[in-house]
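# Topology and contacts: notes
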Amino acid sequence: MSSLSRVLHPTSIAVIGGGAWCVSVIEQARKFGFQGDIWPVHPKAGQIAGLSAFARLEDLPAAPDVAFVGINRHATIETVAVLSAMGAGGAVCFASGFTEAHAEDDQGADLQVRLVQAAGEMPILGPNCYGFVNGLDRAAVWPDQHGMRPVDRGVAILTQSSNIAINMTMQRRALPLAFMLTSGNQAQTHQADIASALLDDDRITAIGVHIEGFGDLRKWEALAKKARDRNVPIVALKVGRSAHAQAATISHTASLAGGDAGAQAFLDRLGIARLDDIPSFLECLKLLHVSGRLDTNGLGSISCSGGEASLAADMAEGRDLHFPPLSQAQKADLRDALGPMVALANPLDYHTYIWRDTQAMTRAWSAMMNPEQALTMAILDYPHTDATDWECATQAALNCVAQTGRPFAVTATLPELLPEDVAHRLLDGGVVSFAGLHEALAAIEAAARPQATEAEPVLLPSDTVADHVLTEAEAKRALADFGVCVPHNVVVPADLAKQASAALTGPFAIKGVGLAHKSEHAAVRLEVHSDAVGEVAADIGTEEVLIEELAVGGVAELLVGVTRDPAHGFVLTLGAGGVLTEILRDTVSLLIPSSRTAVKEALGKLNCAPLLAGYRGKPAAEIEAILDAVDAVQAYVIANASHVSEVEINPLICTPDRAMAVDALIRKASK
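An account of the accompanying structure is given in this report. Quick caveat, the model's predicted, so the values are computed rather than measured.

What counts and how
- Residues numbered from 1 in each chain as written.
- Predicted model: local features only at pLDDT ≥ 70, side-chain atom pairs only at ≥ 80, totals over all residues.
- Heavy atoms only, no water.
- Helix = DSSP H or I, 4+ residues; strand = E, 2+ residues; numbered from the N terminus.
- Buried < 20%, exposed > 50% of the residue type's maximum accessible area, 1.4 Å probe, protein only.
- Contact = heavy atoms within 4.5 Å.
- Areas by Shrake-Rupley, 256 points an atom, 1.4 Å probe, with all protein chains shown as cover.
- Lys, Arg positive; Asp, Glu negative; His and termini not counted.
- Charge placed at Lys NZ, Arg CZ, Asp CG, Glu CD.
- Phe/Tyr/Trp six-rings, centres within 6.5 Å; stacked < 30°, edge-to-face > 60°.
- Salt bridge = Lys/Arg side-chain N within 4 Å of Asp/Glu carboxyl O.
- Pairing = 2+ DSSP bridges.
- Axes fitted to C-alpha atoms, helices over the stretch in contact; angles between N-to-C directions.
- Parallel < 35°, antiparallel > 145°, perpendicular 65-115°, else oblique.
- Left-handed = near helix turned anticlockwise from the far one by under 90°.
- Nonpolar A, V, L, I, M, F, W, Y, C, P; charged D, E, K, R; others polar.

### Notes on the overall build of the protein
Check the secondary structure of the protein and you find 23 helices and 30 strands. C-alpha extents for the protein along the principal axes are approximately 95 × 80 × 35 Å. Taking all 671 residues of the protein together, the buried fraction comes to 56%. Restricting the contact set of the protein to residue pairs at least 6 apart, pairs at least 24 apart contribute 72%. Put simply, the protein shows about 27600 Å² of open surface, and 50% of that area lies on carbon and sulfur atoms. Distance between charge centroids for the protein: 3 Å, based on 50 positive and 78 negative side chains.

Rendered as structure tokens:
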């Protein structure tokens with residue numbers, strides 16, 4: 001595929017078709033101040049939107065930089081082939097009825113393949129795509145109204161959804177939008193391709209991507225690397241948290257991981273922060289535009305209301321944010337500015353003693369801007385009746401940034417109580433203007449996420465059907481070959497259990513063979529002594545039993561599991577193990593391969609992590625042995641990636657000197 005430069009920064013636009021959508025493309029381009037050539041193309045119409053129309057593409061004065069193809073899907077394919085042959089820069093394919101309509105029309109997928117073939121090396125956006133608005137160069141290839149304004153620099157947003165794109169262009173939050181671009185079906189040109197092309201424009205300060213599905217993982221990995229190299233932050237609005245876990249699962253891991261764990265692990269690996277709603281997504285982009293990434297997750301909050309101070313503290317609870325205590329120097333400066341009647345703390349309620357005194361407000365607010373705080377925010381809701389009396393606060397915020405050069409924000413608890421003209425004025429002065437306290441905290445948390453280090457490419461999954469489940473003993477042997485520590489064990493007919501146990505050291509664990517969830521069938525018996533082996537084996541009721549030496553001295557039980565995720569690779573899940581795994585739901589997820597450092601950091605995020613470190617005087621687990629076990633599981637999966645679907649150790653008994661897999665499961669293809 002050729003460069004997207006001509007498409008995204010056109011000097012000529014061909015509009016192919018004569019319907020209302022095509023008329024609107026011409027009108028929107030003119031309205032936005034496009035200075036290049038606009039060439040309507042229609043075989044019969046003499047004029048379209050007041051411009052003389054060309055009967056054929058071949059009649060155009062030159063090959064257009066971009067063409068809006070606003071005709072039916074069959075004619076779109078023919079037209080794209082002509083555009084490609086004549087050397088056009090690219091095309092926006094507006095028509096629907098391709099892969100997105102496959103459920104209703106089985107021709108759609110075939111037509112999309114033909115469309116890509118017709119395009120050849122010429123880039124196409126879509127199909128089922130609205131196009132884009134370029135606020136930097138006043139170029140709109142867009143068949144509907146939009147709310148964008150020309151800007152000198154700003155953020156770019158990419159989405160598959162044209163309707164969401166329209167809505168976001170209408171934002172009234174003073175967010176400078178450099179680009180709004182829809183990708184539709186991404187038949188040829190992937191979202192990551194477009195984002196990568198946008199990184200070449202120094203006027204773009206941050207990129208936001210609304211992601212419905214990742215598609216080609218390698219393209220996203222390349223994009224993340226380029227963004228790190230260019231120091232341009234990317235944030236995501238990723239749908240799919242509510243997807244149901246897989247219906248047919250055998251392991252605890254699969255039901256815990258569900259459909260979204262892989263997506264989140266992939267975003268974490270790429271270093272792309274995730275927002276859950278459109279307002280927070282837009283506010284985060286605004287913060288990144290003004291201040292860039294934040295260097296810590298420390299936050300300062302100032303308000304003239306104790307209620308607002310408490311609200312800020314409560315709403316930050318549960319987020320990866322903290323309010324650093326005030327230093328002695330801060331307290332001295334604040335006392336000088338505020339007098340003796342104010343209790344000094346962070347969040348700070350400075351009361352209204354200094355209201356209308358811009359210089360005193362500036363001194364007090366500047367005193368709150370400690371280097372331990374990545375950002376300091378003043379909570380201000382402007383009245384829609386008469387905001388004249390709030391001029392002192394606006395100017396104080398601008399003064400703080402001018403004097404300190406550190407990030408500062410004005411945050412309205414209610415989004416509608418931040419006037420758009422004030423928001424623009426603050427933004428022009430380097431102050432972040434947050435519309436909504438929830439949105440502000442979400443944005444700050446996302447912008448403060450540490451930038452990810454470059455990781456190995458994720459292990460891509462195969463599409464082999466996994467139709468065979470190994471027995472526990474078989475799974476343990478397979479994992480032991482890669483270095484997992486397992487108990488000594490034997491599998492024997494139940495009536496020979498007594499004799500077989502003589503070769504092992506008791507006490508024993510005895511388990512039924514052939515059951516997926518043995519504990520649910522009372523088929524797991526622990527602390528069985530030699531004289532009771534025969535009786536217990538018979539009582540379990542399966543034809544064969546597994547007898548193994550009991551693992552003792554455990555300080556914690558972990559789950560180590562892997563599920564093959566067709567969309568994201570192999571998801572490695574670590575968590576609290578044992579029979580209560582699915583109740584506790586204390587897990588973290590990574591993608592394979594993950595380094596020992598990444599695994600160790602992930603283990604530290606578990607609620608059960610204090611057990612591993614030694615809780616209330618009890619001995620600590622041997623962390624290196626745990627990491628060895630996880631490495632061994634990853635090695636097994638990497639070696640068997642073409643046919644393995646699920647791997648699980650639950651529990652991994654962690655002792656002060658080893659980590660032993662006392663139950664294991666593997667699901668794989670039989671051939």
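### A few points about the packing of aromatic side chains
Evaluation of the coordinates by the stated rule reveals 12 aromatic pairs. Seen in terms of ring centroids, phenylalanine 482 and tyrosine 636 are 5.5 Å apart; in terms of plane orientation they differ by 90°. Their pairing is edge-to-face. With phenylalanine 482 in the loop between helix 17 (472-480) and strand 21 (489-493) and tyrosine 636 in helix 23 (residues 623-639), the pair connects residues that are 154 residues apart, well separated along the chain. On the basis of relative accessible area, tyrosine 636 is assigned to the buried category, the value being 3%.

### Notes on the pattern of salt bridges
When the charged atoms of two side chains lie near each other, side chains of opposite charge can form a pair. The full count for this structure, using the stated rule, is 27 salt bridges. Between arginine 6 and aspartate 65 there is a salt bridge, and its shortest N-O distance comes to 2.9 Å. In this pair, arginine 6 sits in helix 1 (residues 5-8) while aspartate 65 sits in the loop between strand 4 (51-52) and strand 5 (66-69), placing the two residues 59 residues apart along the sequence. Residue class for aspartate 65 comes out buried when judged on its relative accessible area of 11%. Measuring nitrogen to oxygen at the nearest pair gives 3.1 Å for the salt bridge that ties arginine 203 to aspartate 137. Separated by 66 residues along the polypeptide, arginine 203 in the loop between helix 6 (191-198) and strand 12 (204-211) and aspartate 137 in the loop between strand 8 (132-134) and strand 9 (139-141) bring together distant segments of the chain. A relative accessible area of 28% means that arginine 203 is categorised as partly exposed. Given a relative accessible area of 30%, aspartate 137 falls into the partly exposed group. Among the ionic contacts, a cluster of salt bridges with common partners joins Glu472, Lys476, Lys511 and Glu548.

### A few points about the sheet that holds strand 16 (residues 348-349)
Taken in spatial order, the five strands of this open sheet run 16-15-17-18-19, and their pairing is parallel. Unpaired on one side and paired on the other, strand 16 and strand 19 (432-435) mark the two borders of the sheet. Where strand 15 (residues 299-303) and strand 17 (residues 375-379) come together, four bridges link them in parallel fashion. Across the sheet, residue serine 301 finds its bridge partner in strand 17, namely methionine 377.

### Concerning the sheet that holds strand 11 (residues 177-182)
Taken in spatial order, the seven strands make up an open sheet running 9-8-11-10-12-13-14, and their pairing is mixed. Unpaired on one side and paired on the other, strand 9 and strand 14 (273-275) mark the two borders of the sheet. Taken pair by pair, the neighbouring strands of this sheet meet at an average axis angle of 20°, ignoring direction. In terms of strand pairing, strand 8 meets strand 11 through three bridges, oriented antiparallel. Considered in strand 11, the bridge of valine 133 is made with methionine 180.

### Some details on the packing of helix 12 (residues 328-338) against helix 13 (residues 358-367)
Remark: helix 12 packs on helix 13, axes separated minimally by 9 Å, with the N-to-C direction vectors making an angle of 165°. Considered as vectors, helix 12 and helix 13 are oriented roughly antiparallel to each other. As helix 12 runs across helix 13, the sense of the crossing is left-handed. Facing Gln330, Asp333, Leu334, Asp336, Ala337 and Leu338 of helix 12, the residues of helix 13 in contact are Ala360, Arg363, Ala364 and Ala367. When grouped by side-chain class, the residues that make up the contact of helix 12 with helix 13 number six nonpolar, one polar and three charged.

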